[in-house]
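# Chains, contacts and geometry: an overview
Each chain is listed here by its residues.
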Amino acid sequence: MVRAMELLDDSDDFDGVPLSQRAIAARPAPYLEGLNAAQRAAVETLDGPVLMLAGAGTGKTRALTTRIAHLLVQGRAWPSQILAVTFTNKAAREMKDRIGRLLGESVEGLPWLGTFHSISVKILRRHAELIGNGDLHLKPSFTILDTDDQIRLLKQLIQAENLDEKRWPARQLAHLIDGWKNRCLTPANLPKGEDATFDGWGGRLYQAYQNRLLTLNAVDFGDLLMHCVTLFQAHPDVLKSWQDRFRYILVDEYQDTNVAQYMWLRLLAQAHRNICCVGDDDQSIYGWRGAEVGNILRFEKDFPGAQVIRLEQNYRSTPEILAAASGLIAANAGRLGKTLWTDAESGEKVRLIGHWDGEAEARWIGEEIEAFQGGHRASMGPVSLNDIAILVRASHQMRAFEDRFMTIGLPYRVIGGPRFYERQEIRDAMAYFRLVVSPDDDLAFERIVNTPKRGLGDKAVKTIQSAARNNGVSLLEGARIVVEDKQLGGKGLANLRDFVTGIARWQVDALNSAASHVELAERILDESGYTAMWQNDKSPDAPGRLDNLKELVKALEEFENLQGFLEHVALVMDRDKDEAGEEVSIMTLHGAKGLEFPIVFLPGWEDGLFPNQRAMDENGTKGVEEERRLAYVGLTRAERMATITFAGNRRLYGQWQSAMPSRFIDELPPEHVEVLTPPGLYGGGYGAAMAHAGGAPAAGMQERAARADVYNSPGWKRMQARAAERKTPIPRATVTIDADPAAGFSVGDKVVHAKFGQGQVMGIAEGTLTVQFEAGFKNIKASYVRPAGDDQDVPF
DNA sequence: ACTCCGGGGGTTTTT
DNA sequence: CCCCCGGAGT
């Protein structure tokens, strides 16, 4: 984990802990052992540009970290002379850990191993004054706005221009501006035509936004990179100093770089050209947020004489999985081309199975997992739930699995829910800290001045704003003036006075280091009434929010002071997963990149869902190719078994929709795929079997689905053909739906629900129970609860 | 200042 | 179908 002090460290460092020459002599590079020839070349080719094309599971991270270790041990560079960039903090952390393990304890810090963004911050803080126009420029203490702040700011600007927020949504403008920043287009160099987007307001609002950011002494994420690039371009001396410092540059996931990152790298690398980029064009899945696969395809042109090293031996998957994935990705044009191979033992084929609808799909996967868990698949040996992942295309697919797993009591974890720091309570608390640390932070002020409710609504805020504007001061200062001049009514005034004096008091405390910042944070939350606000909140999620706040305060312990913490959070913070018991992982395909699991389920392979309709509509063939890469990423996550499933019908936005199996299914090499037969297919064909599947869609729907082209795709036909060949049917699982699922319950029964806990049945209607839980009344399908044991008391 | 209702929109996600 | 936002109404 990146420590605050690393981010804040402003010393010109040739510190770190270099290995002494003596230590090097005594160390015969044991870390090189076990590398294959290509990996070894990737580690030892230190001079000049290198492109490491590393297929999935080929030991890319190992090669990269070993290369860094090698640079250090060979004495080619001090730790502070190596620039290593990643996209995520997780990746950066992992690399640090692994380098540490390679070299023992000897290397304390690699100060310039981090994300593009965190490294840009460090650079920008040293040259903040050079960023800006005219009188407006950044100060080294600039704050970093997240997406939420960004949108609120844009909203204000749109309002200021008297534009209709409905016709020009701030979100859309934010997207537009992000796109420009991704391509390093400042308001001044927006190409003609681009600035006319947003009905001619695009360029103008963009300029206004940039100015506003400067006056707030703030930057957004896109600025971090764009400002660095413009800084380097406008100040050759500054660029030179950084070029001299970074003697070796390494880049992870190069296929995901956008134009701004590409320019950033090019500028830094162009002098010595010691740049090593690692990537896999087949795993480029972030085109929709500005990544340019072109960057990796063009590498050899950009850096003439570049050595291209291909890592092609896969250490992760069985030959079957690898062959299926390779066959699939072969359908893409314009690849750099790699041939992955493995000498791993043969395993099971990739399994393919179709279901009537999304519910059946979830039910079947749940049963499969239970079978693994119970050891009913001897070929797989003992399987931990931690070894199993379900990778979906879109997060709304997760719900069916959550519902099902909740019902059958299968522990699962959803990876990639709302991030910790994006939660309301965390953002509120941080706004308090921000305001204490930087009194000029107007956005923070606006966020919390009436949170908790202090009777300071729109009108009060307007008064404060005009007081601030008239005096040319921050909102906090404006509020102080309002209090002094008694520009507000009784209760609001008193509350505002308390608020202002509170902030002032905490500011004093923050400066004198007598009390720890952790205690201070607690006091801020308590004395402001923020904690009390949630304590008094009766909603079921209030306790969780209080827990989050506790967690937040606890996280502070790791830092020197509040500033350090805020900096960290703005760039780095991600929830630390408390690894509880064994759980199945549910996540999106995007979220799964870089991970691996012995057993992987890939549901929802239907045209329109995957490949996603919108991706196809908006980007045509390019869109399909990116989707195909996503499929490739999904398959290559699997070590021992991959199972692809699709459903003929799915409820989307309340509408039942039928779909054809994904075109990607047709593209899988048949010899590596085993087609399973879904339970219920036996006797009477698919449609007929579904007619009594329970909870089925309306009759018209079934008819339509039965007639639909589902059966005409090659994949489906293949599947049917194989199903017919099969001798022993897969045992049909007992479906839990009886004639009347509510039959077993009567009013007054005590029941238990996986999520809501204990409750009491208050009403019954057609399979649905109305149950009073601690969290309140819920209408719940009878199959989701079980009777509570007699010894258990319902607590109300 | 708070609550309720209607309309719109609903891939993917990091920093 | 469900969630979020904004406006109107109390």
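Here the residue numbering is sequential within each chain, running from 1 through the sequence in written order. Following the order in which they are written, the chains are lettered starting with A and the ligands numbered starting with 1. Local features in this predicted model are restricted to residues of pLDDT 70 or higher, and side-chain atom pairs are both shown and tallied only at a pLDDT of 80 or more, whereas totals for entire chains, interfaces and linings draw on every residue. Processing note: side-chain calculations cover all non-hydrogen atoms of the structure and skip hydrogens and water entirely.

## Points about the protein's contact with DNA strand C
As a reminder, the rule being used: Think of it this way: one heavy atom of a residue within 4 Å of a molecule or strand is enough to make that residue near it. When residues are sorted by character, Ala, Val, Leu, Ile, Met, Phe, Trp, Tyr, Cys and Pro go into the nonpolar class, Asp, Glu, Lys and Arg into the charged class, and all the rest, Gly among them, into the polar class.
Within the structure, DNA strand C sits among Lys155, Arg399, Tyr653 and Gly654. Those atoms of DNA strand C that come within 4 Å of the protein belong to sugar or phosphate at a rate of 42%. In terms of residue class, the surface near DNA strand C is made up of 1 nonpolar, 1 polar and 2 charged.

## Looking at helix H6 (residues 116-127)
Worth spelling out the cut-off: Starting at the N terminus, helices and strands are each numbered in turn, a helix being any DSSP run of H or I of at least four residues and a strand any DSSP run of E of at least two. The span expected for a helix works out to 1.5 Å for each residue beyond the first. Burial classes: relative accessible area under 20% of the type maximum marks a residue as buried, over 50% as exposed, and values in between as partly exposed (1.4 Å probe, protein chains only).
With 12 residues, H6 ought to run about 16 Å at 1.5 Å a step, and its terminal C-alpha atoms sit 17 Å apart, in line with that. Along H6, the residues that are buried comprise Phe116, Ser118, Ile119, Ser120, Val121, Lys122, Ile123, Leu124, Arg125, Arg126 and His127.

## Re the sheet that holds strand S10 (residues 307-311)
Selection criterion: At least two bridges found by DSSP between two strands is the condition for calling them paired. Throughout, an axis means a line fitted to C-alpha atoms (over the contacting stretch in the case of helices), and angles, computed between N-to-C directions, take values from 0 to 180 degrees. When checking whether two residues touch, look at their non-hydrogen atoms; a contact exists if any pair is within 4.5 Å.
Pairing in this open sheet of 6 strands is parallel, and the strands run S3-S2-S8-S9-S1-S10 from one edge to the other. Only two strands of the sheet have a single partner each, and these edge strands are strand S3 (113-115) and S10. Across the sheet, the axes of successive neighbouring strands diverge by a mean angle of 15°, strand direction being ignored. Pairing of strand S1 (residues 50-54) with S10 involves 5 bridges; the strand directions are parallel. By the bridge assignment, Leu51 is partnered in S10 with Val308. Across the sheet, H6 lies against strand S2 (82-86), S3 and strand S8 (248-251), angled at about 105° from S3, the strand it touches most.

## What about the pairing of strand S9 (residues 275-279)?
Definition in use: When the strands point away from the viewer, a crossover counts as right-handed if the route from the first strand across the helix to the second turns clockwise.
Of all 5 residues in S9, 5 are buried; the element is thus mostly enclosed. Burial along S9 is two-sided: the face carrying Ile275, Cys277 and Gly279 and the face carrying Cys276 and Val278 are both buried. With 4 bridges joining them, S1 and S9 adopt parallel strand pairing. Each bridged residue has a counterpart across the sheet, and for Met52 the counterpart in S9 is Val278. Looking at chain direction, S8 and S9 are connected through 3 bridges and run parallel. Paired with Ile249 across the two strands is Ile275, which belongs to S9. After leaving S8, the chain enters helix H12 (residues 259-269) and then returns to the sheet as S9, a path that is right-handed.

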